[in-house]
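Examination of the molecular architecture
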Amino acid sequence: MSWINLSALWKIVVFGLIAGAGLPALFAIGLRALVMPGSRVQAAGPDSDHVYGGNVLGAVIAAICFLIILAALGWGIYEVYQIGHPAPKH
Amino acid sequence: MGNDVILVLVVITALAFDFTNGFHDTGNAMATSITTGALPPRVAVALSGVLNLIGAFLSLAVAATIASGLVNTKVVTLTVVAAGLAGGIIWNLLTWLLGIPSSSSHALIGGVIGSTLAAAGGSAVLWKGLVSKVVIPAALSPIIAALVAAVGTWLLYRISRRLTRGARNHGFRIGQVGSACMVSLAHGTNDAQKTMGVITLALIANGTLASGSSAPFWVVLTCALAIGLGTYLGGWRVIRTLGKGLVEIESPQGMAAESSSAAIILLSASFGYSLSTTHVATGSIVGTGLGKRGADVRWSVAGRMATAWLFTLPSAAIAGALAYWLAHGIGGSAGVIILLAILAGLAGAIYWRSRATKVDHSNVNDEWTGTTAPSEPQPAAAA
């Protein structure tokens, strides 16, 4: 056992970036797809807070992004549960 | 050959620590959601409390580190555990009074190490475990969290730069609620475990459990309830410092900060590091200030926090050692009972003092004027 576990360190940095910065970025991409202008009449002005622009393709892309995020969270929670409840050794 | 009255008192003290842990740390998860208006303050603390409760059941990895990785369990007596808890609680309450988001984990670990040192000397502390599992992660985790949060913040603003300001704030507020929930869950899996570890340590010391046992179910349940309740009552003073004092935060930054915190805490917990959620959350909030052009980090506030972090382990250790000498000096069950009575008295006094400069859900978001309590013009006390 060394003082710093380098293999754990780089894993925490890399997976931290993927989950901690990548997933929010995916959320932002989904949000951007969702607001793509389409059939909806847009309320003009910089303070309009409509997040759905009415574009079907945009909505589909957004749904895919959000589903990937939810799946990643579910998988992450499952992994934590698995690691935290090791099978009893006989 | 155990002493059941003292054991019950020690378990109650441990649950009291868990409770202070909850309300000290509500801000780690919810401060940024409360300040950006993503959630009403009271809804935020209720949600966080429930998720802490659930999180406490999610993993038992960290409890094992505390119960066996830091001190030699053979020399630990109930008096040692009681004194360690007393040291941790006092430090937690003092930092809460000053609105400093210091680490509850370090307060607990420091207290236990101090009382062990006082009881059995330096050889009873597993120094290498302490440095590699606690001190080094404590130094690295805020830096990694700041890096991840800065990258996340930059990406979020870059990707969403064509959105109207209203749409961006609305969208990211929803994302922020999700990421804050993940932090609350992570906090439950990490911090509730520490108290479970200490109670297990006490049960082993008393001979109720065999050495090397894991936490019984009633310990898991009561710890989960204590941290959930503490979180629900909300440490408004710390929430205010984190949410308003450090950086003025917009919802994309809040989401970036919380995602970073949740990812780092959960990843580290699965490697068995008992990280301080407070250090990670603070690092993330600083990072989100660095990641957005034109955002100002109030380095004086950040510096004051970092100073408190350096002092947390040794101060809690000194408090734990003093508590041990007091209890041991009086001796026997009476020593532990008198120690815990003094602790309750001090806790009451600190609570009474806090009423003078009240921070609650109604004024938590007032403009930052350099003090913890909004209405008070006097300068905040130094850490």
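Residues numbered from 1 in each chain as written. Chains lettered and ligands numbered in written order. Predicted model: local features only at pLDDT ≥ 70, side-chain atom pairs only at ≥ 80, totals over all residues.

**Some thoughts on the overall build of chain B**
- A count of helical and extended segments in chain B gives 13 helices and zero strands.
- The linear arrangement of helices and strands in chain B, starting from the amino end, is α-α-α-α-α-α-α-α-α-α-α-α-α.
- A total of 383 residues make up chain B; the buried ones form 64% of that total.
- Counting contacts in chain B only where the partners sit at least 6 residues apart, residues at least 24 apart contribute 88% of the total. (Helix = DSSP H or I, 4+ residues; strand = E, 2+ residues; numbered from the N terminus. Buried ≥ 20, exposed ≤ 12 C-beta atoms within 10 Å, placed from the backbone. Contact = placed C-beta atoms within 7 Å.)

**A closer look at the overall build of chain A**
- The number of helices and strands found in chain A is two helices and zero strands.
- For chain A, buried positions account for 23% of its 90 residues.
- When contacts within chain A are restricted to residue pairs at least 6 apart in sequence, those whose partners lie at least 24 apart make up 45%.

**Concerning helix α7 (residues 165-205) of chain B**
Residues and elements named next belong to chain B.
- Along its 41 residues, α7 runs 59 Å from first to last C-alpha, staying within 8% of the 60 Å computed at 1.5 Å per residue.
- Counting buried residues in α7 gives 37 out of 41 residues, a clear majority hidden from the surface.
- The first or second residue beyond α7 is G207, which carries a positive phi of 85 degrees. (Expected span 1.5 Å × (residues − 1).)

**Focus: the interface of chain A and chain B**
- Contact with chain A, which involves 34 residues of that partner, is made by 37 residues of chain B.
- At 17 residues, the largest contribution of residues to the side of chain A that touches chain B is made by helix α1 (residues 6-34) of chain A.
- Broken down by class, the residue content of the side of chain A that touches chain B amounts to 24 nonpolar, seven polar and three charged. (Nonpolar A, V, L, I, M, F, W, Y, C, P; charged D, E, K, R; others polar.)

**Some details on the packing of helix α4 (residues 78-97) of chain B against helix α5 (residues 104-120) of chain B**
Residues and elements named next belong to chain B.
- Two numbers describe how α4 lies on α5: the axes approach to 7 Å, and their chain directions differ by 140 degrees. Judged by the angle between their axes, α4 and α5 are oblique. α4 and α5 meet at a crossing whose hand is right-handed. Where α4 abuts α5, its residues V80, A83, G84, L85, A86, G87, G88, W91 and N92 lie against S104, A107, L108, G110, G111, V112, G114, S115, T116 and A119.
- Taken together, the residues that form the contact of α4 with α5 break down as nine nonpolar, ten polar and no charged. (Axes fitted to C-alpha atoms, helices over the stretch in contact; angles between N-to-C directions. Parallel < 35°, antiparallel > 145°, perpendicular 65-115°, else oblique. Left-handed = near helix turned anticlockwise from the far one by under 90°.)

**What about the environment of H279 of chain B?**
Residue and element names in this part refer to chain B.
- Positionally, H279 belongs in helix α11 (residues 277-290).
- Separated by 84 residues in sequence, H279 and T195 place their C-alpha atoms 18 Å apart.
- Excluding residues that lie within four positions of it along the chain, H279 makes contacts with S103, A138, S141, P142 and W309.

**Comments concerning the packing of α5 of chain B against helix α12 (residues 299-330) of chain B**
All names here are of chain B.
- Running from amino to carboxyl end, α5 crosses α12 at an angle of 45 degrees, the nearest separation of the two axes being 6 Å. Considered as vectors, α5 and α12 are oriented oblique to each other. For the crossing formed where α5 meets α12, the hand is right-handed.
- Looking at the contact of α5 with α12, its residues break down into 17 nonpolar, eight polar and no charged.

**Here we look at the confidence of the model for chain B**
- Looking at chain B as a whole, its pLDDT mean stands at 81, while 88% of the residues score no less than 70.
- For chain B, per-element mean pLDDT is lowest for helix α3 (residues 61-68) of chain B, which scores 66, and highest for helix α6 (residues 127-159) of chain B, which scores 89. (pLDDT = per-residue confidence, 0-100.)

**Quick look at α4 of chain B**
- Here α4 of chain B is 20 residues long and its end C-alpha atoms lie 29 Å apart, about the 28 Å a rise of 1.5 Å per residue gives.
- Burial analysis of α4 of chain B places 19 of its 20 residues in the buried class, the great majority of the element.

**Here we look at the nonpolar core**
All names here are of chain B.
- Of all hydrophobic cores here, the largest spans 134 residues; its most connected members are V10, V81, A82, A202 and C223.
- With 18 residues, α7 is the single largest residue contributor to this core.
- When sequence neighbours within four positions are dropped, the list of residues in contact with C223 reads L15, D18, A56, A192, T195 and M196.
- I100, V301, A308 and W309 belong to the second-largest nonpolar core, a separate cluster that totals five residues. (Core = buried A, V, L, I, M, F, W, Y, C linked by C-beta atoms within 7 Å.)

**Describing the environment of A215 of chain B**
Residue and element names in this part refer to chain B.
- Note on placement: A215 falls in the loop between α7 and α8 (217-233).
- By C-beta crowding, A215 is classed as buried, having 22 other C-beta atoms within 10 Å.
- Along the primary structure A215 and L130 are separated by 85 residues, whereas in three dimensions their C-alpha atoms are 21 Å apart.

**Considerations on the environment of W91 of chain B**
All names here are of chain B.
- In this structure, W91 sits in helix α4.
- Between the alpha carbons of W91 and A180 there is a distance of 26 Å; along the sequence they are 89 residues apart.
- Beyond its immediate sequence surroundings of up to four residues, W91 is in contact with A107, T312, S315, A316 and A319.

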